[in-house]
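# Understanding the architecture of this molecule
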Amino acid sequence: MALFMFFSLFLFLFSNSPADAESFIGVNYGLVADNLPSPSDTAKLLQSTSIQKVRLYGADPTIIKSLAGTGIGIVIGVANGDLPSLASDLNVASQWISTNVLPFYPASDIILINVGNEILLSNDLNLVNQLLPALQNVQKALEAVSLGRKIKVSTVHAMTVLGQSDPPSAGSFAPGYQARLKGILQFLSETGSPFVINPYPFFAYLGDQRPETLSFCLFQPNPGRVDSNTGIKYMNMFDAQVDAVHSALKSMGFENVEVVVAETGWPTSGDSNVVGPSVENAKTYNGNLIAHLRSMVGTPLRPGKPIDTYIFALFDENLKPGPSFERSFGLFKPDLSMAYDIGLTKSSSSGSQTSQSPPLGKSATSVGWCVPKEDATEEQLQASLDWVCGQGIDCGPITPGGVCFEPNNVMSHTAYAMNLYFQKSPENPTDCDFSQTARITSDNPSYSNCVYPRAGWSGDQSLGGAMNKYVTSDKAIETNGSECSSFLSLPLFMIIFFFVLPISHHMNF
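All values reported here derive from a predicted model rather than from experimental measurement.

Our focus in this paragraph is the sheet that holds strand 14 (residues 309–311). With respect to topology, eight strands assemble into a closed barrel ordered 1-2-3-4-5-8-11-14, the strand pairing being parallel. Mean inter-strand twist for the sheet, computed between neighbouring axes without regard to direction, equals 25°. Pairing analysis gives three bridges linking strand 8 (residues 195–198) to strand 11 (residues 259–264), with the strands arranged parallel. By the bridge assignment for strand 11, Ile197 is matched with Val261. Its contacts with the sheet put helix 6 (residues 125–144) on strand 4 (110–117) and strand 5 (152–158), and the angle it makes with strand 5 is roughly 155°.

Next comes the structure, spelled out in structure tokens:
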């Protein structure tokens, strides 16, 4: 029995390795349009991508059924107008679950029910007052059918629930919302449900249209912004906004409540008087966001843990009211083709078993490899990594399961990505600058089966003079790369101590 438990625990540890699917990448599936593809075709599209979760604003039965057996997590929503009846009558909540959950679950993997969308922003006091009772009744209805621990219940908030977000460490909820939020946060804490919110760096840029703000919002190389309270330098707006929410939760005594990003994105077009919407900016933001999530770096206040993030949106919604940019957030077109490529297809997002050379510049010369400078900070490296992987570079080898994923630290991953970008046009030394954090070297940084390509190089690329520089450097060890080894070594030691030793003690040889 002890031996069985040992092997079970051993398999559990390795089955939950970083090579698991990218369950933190989701997408919003809105329906305010008259030209959308069928749910069945959309389900096939989603299966061809690395998108692992889909958020619906309602509970369309055809869509929920079309996602059965796909393994894609489904978030469904309760309409704002249904809150009063759900709040006042548990039977209504039970009927809602019977209609919208039980016929489909578990074949359709419903993981979260959002009760209302941005209710506090509505300023409808009657609706606001019904929110917590509605949450509680939906939870009770799930518990009555033994799904209380399997499907979470929450509600979606706009960033305007924060009264202060700058600096991130001083994030706090607006005083007018705090009383009602306290009960909601207590509910989320007790049920293990997430705090769901919609951070949009795009809207932050609309309020501050300086060039450096655009770079900060798009995860592009920038000077960064220092939190005056903590000294932490933030290199992108997304992390700053999410950490402001973490700080607000902490200020209310609920720092252990998980944050989930229900919406974030960037529009491809808009009215002529609106600065910011463009295909280039949308591709840069969403591509860099995905690269940032895949890096597993987390945020400065929650390092090492990617935030579950639902990108807005799967398709443009041509009937959506408001400014024209509201109708232009789609990642895909109605004909199922990509609006722009950000590496979501499985072929481009999966880690390669061998690292391959990218297409190199036509007139490339053998000038060496591009690697980070020794004094580059982790924040600078992460910003460069996010930017490069959002430029169409194949960063698959440094994602979980990829041949260059280990060592799992920012220095190593950035070195590989910088070099890939540089080798596209190595005749241009400025492509190995990265805000003065990179340099060209003649020492081959390749190691084991992880090959750093070099234009014009015909020798053995798997071996080089700087073979283990980014594997064994002290700086690399001090980053999150150490988490992998500690994750395995301590549990294995405990397993061996508690299970293997007793076995050997009682066995006769």
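There's more to say after this.
What follows concerns the pattern of salt bridges. One pass over the full model with this rule turns up seven salt bridges. Between Lys305 and Glu258 there is a salt bridge, with its nearest N and O atoms 3.8 Å apart. Of the two residues, Lys305 sits in the loop between strand 13 (302–303) and strand 14 while Glu258 sits in the loop between helix 10 (237–251) and strand 11, which places them 47 residues apart along the sequence. We note a salt bridge from Lys320 to Glu326, for which the minimum N-O separation is 4.0 Å.

Before going further, it helps to spend a moment on the packing of aromatic side chains. Applying the stated criterion across every chain, the model contains 18 aromatic pairs. An angle of 75° between the planes, with centres 6.4 Å apart, marks the rings of Trp387 and Phe434 as edge-to-face. Taken together, the residues span a long stretch of sequence, with Trp387 in helix 13 (residues 378–389) and Phe434 in the loop between helix 14 (410–422) and strand 16 (438–441) at a distance of 47 residues. For Phe434, a relative accessible area of 7% puts it in the buried group. Of the aromatic side chains, those joined through ring pairs into one cluster are Tyr200, Phe202, Phe203, Tyr205, Phe219, Phe238, Trp266, Tyr285, Phe312, Phe325 and Phe329. The residue whose ring lies beneath Arg225 is Phe216, and the NZ or CZ to ring-centre distance is 4.4 Å.

Another point: the pairing of strand 2 (residues 53–56). For a regular strand, the rule is simple: side chains alternate between the two faces of the sheet. The two faces of strand 2 match: Lys53 and Arg55 on one face and Val54 and Leu56 on the other face are all buried. Remark: the strand 1 (residues 25–29)/helix 2 (residues 39–47)/strand 2 crossover connection has right-handed handedness. Bridging between strand 2 and strand 3 (residues 73–78) involves three bridges; their strand directions are parallel. From the neighbouring strand, Lys53 faces strand 3, where its bridge partner is Gly73.

On to the side chain of Asp227, then. Tracing the backbone shows Asp227 in the loop between strand 9 (225–226) and strand 10 (233–234). Among buried charged residues, Asp227 stands out as having no salt bridge; its nearest opposite-charge side chain is Lys250, 11 Å away. Side-chain polar atoms of Asp227 contact the backbone nitrogen of Thr230, separated by 3.3 Å. Not counting residues up to four positions away in its chain, the partners in contact with Asp227 are Pro167, Pro168, Ser169, Ile232 and Tyr234.

Relative orientation of the contacting elements helix 11 (residues 279–294) and helix 13 amounts to 125°, with a least axis distance of 7 Å. Considering the angle they form, helix 11 stands oblique to helix 13. You can see that helix 11 and helix 13 cross each other, and the crossing is right-handed. Contact residues: Gly287, Asn288, Ala291 and His292 in helix 11; Gln382, Asp386, Trp387 and Cys389 in helix 13. Residue classes in the contact of helix 11 with helix 13 are distributed as three nonpolar, four polar and one charged.

With that settled, the discussion passes to the side chain of Asp239. Mapped onto the elements of the fold, Asp239 is located in helix 10. Here Asp239 occupies a buried position and makes no salt bridge, while the nearest side chain of opposite charge, Arg302, is found at 12 Å. Residue contacts for Asp239: discarding those within four places in its chain leaves Tyr234, His292, Gly298, Thr299 and Pro300.

Next up on the list: helix 14. A rise of 1.5 Å per residue sets the reference length of helix 14, with its 13 residues, at 18 Å; its end C-alpha atoms lie 18 Å apart and thus fit the reference within 8%. The element helix 14 is extensively covered by neighbouring structure, given that 13 of its 13 residues are classed as buried. By the N-cap criterion, in which a side-chain oxygen at the helix start approaches the backbone nitrogen of a residue two or three places on, helix 14 is capped by Asn409, the distance to Met411 being 3.3 Å.

Cut-off values and rules
- The residue numbers shown here count from 1 along each chain, following its written sequence.
- Per-residue local features are limited, in this predicted model, to residues with pLDDT of at least 70; the limit for side-chain atom pairs, both in listing and counting, is 80 or more; totals at the level of whole chains, interfaces and linings are taken over all residues.
- Excluding hydrogens and water, the side-chain figures rest on all heavy atoms present in the structure.
- Between any two strands, pairing holds if DSSP finds at least two bridges.
- Numbering of helices and strands runs from the N terminus, with a helix taken as a DSSP run of H or I at least four residues long and a strand as a DSSP run of E at least two residues long.
- Each axis is a line fitted through C-alpha atoms, and for a helix only the stretch in contact is used; angles between axes span 0 to 180 degrees, taken between their N-to-C directions.
- Contact criterion: two residues are considered in contact whenever any of their non-hydrogen atoms come within 4.5 Å of each other.
- Any Lys or Arg side-chain nitrogen found within 4 Å of a carboxyl oxygen on Asp or Glu counts as a salt bridge.
- For Phe, Tyr and Trp, rings pair up if their centres lie within 6.5 Å, where Trp contributes its six-membered ring, and each pair is then called stacked (planes under 30 degrees apart), edge-to-face (over 60) or tilted (otherwise).
- Each residue is placed in one exposure class: buried if its accessible area under a 1.4 Å probe, protein chains only, is under 20% of its type's maximum, exposed if it is over 50%, and partly exposed if it falls in between.
- Charge over a ring is defined by NZ of Lys or CZ of Arg lying within 6 Å of the ring centre and within 35 degrees of the ring normal.
- Viewed with both strands pointing away, a crossover whose connecting path from the first strand over the helix to the second turns clockwise is right-handed.
- Counting rule applied: Lys, Arg positive; Asp, Glu negative; His and chain ends not counted.
- For the purposes of these results, a polar contact is taken to be a pair of N or O atoms within 3.5 Å, where, inside protein, one atom must be able to donate a hydrogen and its partner to accept one; residues adjacent in sequence count only when each atom of the pair is a side-chain atom.
- Oblique is the label for any angle not under 35 degrees, not over 145, and not in the 65 to 115 range, which are roughly parallel, roughly antiparallel and roughly perpendicular in turn.
- By convention, the crossing between two helices is left-handed when the near helix turns anticlockwise from the far helix through less than a right angle, and right-handed when the turn is clockwise.
- Residue polarity is assigned by list, with Asp, Glu, Lys and Arg as charged and Ala, Val, Leu, Ile, Met, Phe, Trp, Tyr, Cys and Pro as nonpolar; anything else, Gly included, falls into the polar class.
- Here a helix's expected span is defined as the number of its residues, less one, multiplied by 1.5 Å.

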